[in-house]
Structure formats: structure tokens, C-alpha cells
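Structure assessment
Each chain is listed here by its residues.
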Amino acid sequence: MLVLAAAGANDVFKSDSGFKITYPTRCKIDHSETTLVKFYVYLAENTPVDAVTVSTDDSFDAYATLDTVTERYADAITSAYKDLKVLSKERTTLSRHAAFRAIYRGSIPVQYDENTVREETLKVNQTWTVKNARVFTLTYKALAKDYNRYLPQARSIMNSFTLE
């Protein structure tokens, strides 16, 4: 479901998957409890690229640790895209839970609409954590040239993320 939010300060999205996130009401959002990407907030009106997303992954067992998730995710990221350059990786926290953050840049296919997919140079900031065998991934992605432009807004949205 695509929602064009009315003008105002902020709205809160609460997912059945166990998280909450606050976003500017002027931003368009897309959300679905039936897909891996549960929440998508568009930071720019004219492009689907510059965005903050929240995804969940229930493919791990009850013994999953941040290290096992990080190993699988890091391998998937680096093997999925050509000329990908990892800019930084570090342990951090997400909603008071141990987390891992990777920032990378590379050519990544972007779907602009049902019929248009283009390779774009993106810069991506991805942070994941594990709670009750569910992985929560918070991602800020933008065209490399737009990354710093939308970073303050993305950071504000990402800092509002909480696990319930």
C-alpha cells in the first residue's frame, strides 16, 4: 500500500513484526507485513532510490547470533553486486541491541517502476540486529551523489527505530 502523508510534523509506523519507526508526514511511505521489506519511506518525491527501509528476516533458527547473521549478510552483500566497495563496517547498537553496520558503495540495480530497472551507483548504510531469532535490518540507500544531502533526514528516521 502506498500512502502519501499529509503535511505536518511526524507520524509513527508500528509493525506487527515488532518495531516502531517515526518519519516525516510529508514523506511517501510504502508498507506491507507480507513482504521482507516491511516499511519504505521515500526521502525524495521524484525518485524511489533515496529511502530508508526496514526489513525482517525469519530464516534463522533460535540459535542465531549477531555473528552468524553478519557472516551470512556480509557474504551476500559482497557477492551480489559488481564493483562493490565496503567503506566501513563496525559493531554498533540498534534500539539498545547489539548490531552490525556496513556502509558500502557500488553499482546496484534500481527498479524505478514495473518496466524500468537501471544500474545506479548507490551508497548504502545497513544496520542489522537479532531479536527472538528475527533479524531486523535498517537501511538507508541513496544515489551516491545524493547520500550526504539526505543523510540528516535519514539519520533522524533511523534513530527513531525501536524494537518492541
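Preceding this section is the structure that the text describes.
Right, let's walk through the structure included here. (Residues numbered from 1 in each chain as written. Predicted model: local features only at pLDDT ≥ 70, side-chain atom pairs only at ≥ 80, totals over all residues. Heavy atoms only, no water.)

Structural notes on the pattern of salt bridges
As a reminder, the rule being used: For salt bridges, the criterion is a side-chain nitrogen of Lys or Arg within 4 Å of an Asp or Glu carboxyl oxygen. Counting from the N terminus, the helices are the DSSP runs of H or I reaching at least four residues and the strands are the DSSP runs of E reaching at least two. For every residue, the accessible area (1.4 Å probe, protein chains only) is compared with the maximum for its type, and the residue is labelled buried under 20%, exposed over 50%, or partly exposed between those bounds.
For the coordinates displayed, the defined rule picks out seven salt bridges. Linking Asp 58 and Arg 134 is a salt bridge whose minimum nitrogen-to-oxygen distance equals 2.7 Å. With a gap of 76 residues between them, Asp 58 in the loop between strand E6 (51-57) and helix H1 (66-80) and Arg 134 in strand E10 (residues 134-143) connect regions that are remote in the sequence. Classification of Asp 58 by relative accessible area gives partly exposed; the value is 48%. Among the ionic pairs, Arg 101 bridges to Glu 90, the shortest N-O distance being 2.6 Å. Here Glu 90 lies in strand E7 (residues 85-94) and Arg 101 lies in strand E8 (residues 97-113), a separation of eleven residues in the sequence. Owing to a relative accessible area of 36%, Glu 90 belongs among the partly exposed residues under this scheme. Each of Lys 14, Lys 20 and Glu 164 takes part in a single network of salt bridges with overlapping partners.

A word on the pairing of strand E9 (residues 116-131)
To keep things clear, this is the line we draw: By this definition, two strands are paired if DSSP reports at least two bridges between them.
As paired strands, E8 and E9 are joined by 14 bridges and run antiparallel to one another. From the neighbouring strand, Tyr 104 faces E9, where its bridge partner is Val 124. Counting the residues between successive antiparallel strands, the hairpin from E8 to E9 contains two residues. Relative to E10, E9 is paired through ten bridges, and the arrangement is antiparallel.

What about H1?
Applicable threshold: What a helix should span is 1.5 Å times the count of its residues minus one. An arc is given here, and it is the one of the directions from the helix axis to the C-beta atoms.
A rise of 1.5 Å per residue sets the reference length of H1, with its 15 residues, at 21 Å; its end C-alpha atoms lie 21 Å apart and thus fit the reference within 8%. Among the residues of H1, Leu 66, Val 69, Thr 70, Tyr 73 and Ile 77 are the ones counted as buried. Seen end-on, H1 carries its buried residues on one side only, within an arc spanning 95°. The exposed residues of H1 that point more than 90 degrees off its buried face are Glu 71 and Ser 79.

Structural notes on the environment of Val 110
Going by this rule: Any two residues having at least one pair of non-hydrogen atoms within 4.5 Å are treated as being in contact.
Along the chain, Val 110 falls in strand E8. In this structure the C-alpha to C-alpha distance between Val 110 and Leu 122, which are twelve residues apart in sequence, comes to 9.2 Å. Excluding its chain neighbours within four sequence positions, the residues that come into contact with Val 110 are Val 49, Thr 116, Val 117, Arg 118, Glu 120 and Leu 122.

Focus on the pairing of strand E5 (residues 37-42)
Sheet faces and side chains relate simply in a regular strand, where the side chains alternate between the two faces. For E5, the buried fraction is high: five of the six residues fall into the buried class. Note: strand E4 (residues 28-31) against E5, three bridges, orientation antiparallel. If you follow Ile 29 over to E5, its bridge partner there is Val 41. Between E4 and E5, which follow one another and run antiparallel, lie five residues.

A word on the side chain of Thr 127
Within the secondary structure layout, Thr 127 lies in strand E9. On the basis of relative accessibility, which here comes to 3%, the residue Thr 127 falls in the buried class. Residue contacts for Thr 127: discarding those within four places in its chain leaves Thr 92, Leu 94, Ala 99, Phe 100, Arg 101, Phe 136, Thr 137 and Leu 138.

So, helix H2 (residues 147-159)
Applied cut-off: The reported bend at a residue is simply the angle between two axes, fitted to the 7 residues ending at it and to the 7 residues beginning with it.
Taking 1.5 Å per residue as the helical rise, H2 with its 13 residues ought to reach 18 Å, and the 17 Å between its terminal C-alpha atoms agrees with that figure. The sharpest bend along H2 comes to roughly 35°, located at Gln 153. Those residues of H2 that sit buried are Tyr 147, Tyr 150, Leu 151, Gln 153, Ala 154, Ile 157 and Met 158. Against the buried residues of H2 lie strand E3 (19-24), E5, E6, E8, E9 and E10.

Things to note about the nonpolar core
Short version of the rule: In this text, buried Ala, Val, Leu, Ile, Met, Phe, Trp, Tyr and Cys residues form a nonpolar core when linked through side-chain atoms within 4.5 Å.
Counting residues in each nonpolar core, the largest one holds 27 residues, and the members touching the most others are Phe 19, Ile 21, Phe 39, Val 52, Tyr 140 and Phe 161. Looking at this core, the elements with two or more residues in it are E3, E5, E6, E8, E10 and H2. It is H2 that provides the largest number of residues to this core, a total of six residues. Those residues within four positions of Val 52 in sequence are excluded, and the remaining contacts are Phe 39, Tyr 40, Val 41, Leu 43, Leu 138, Thr 139, Tyr 140, Ala 154, Ile 157 and Met 158. In terms of nonpolar packing, the next biggest core, distinct from the first, is built from 19 residues, Phe 60, Ala 64, Ala 102 and Val 135 among them.

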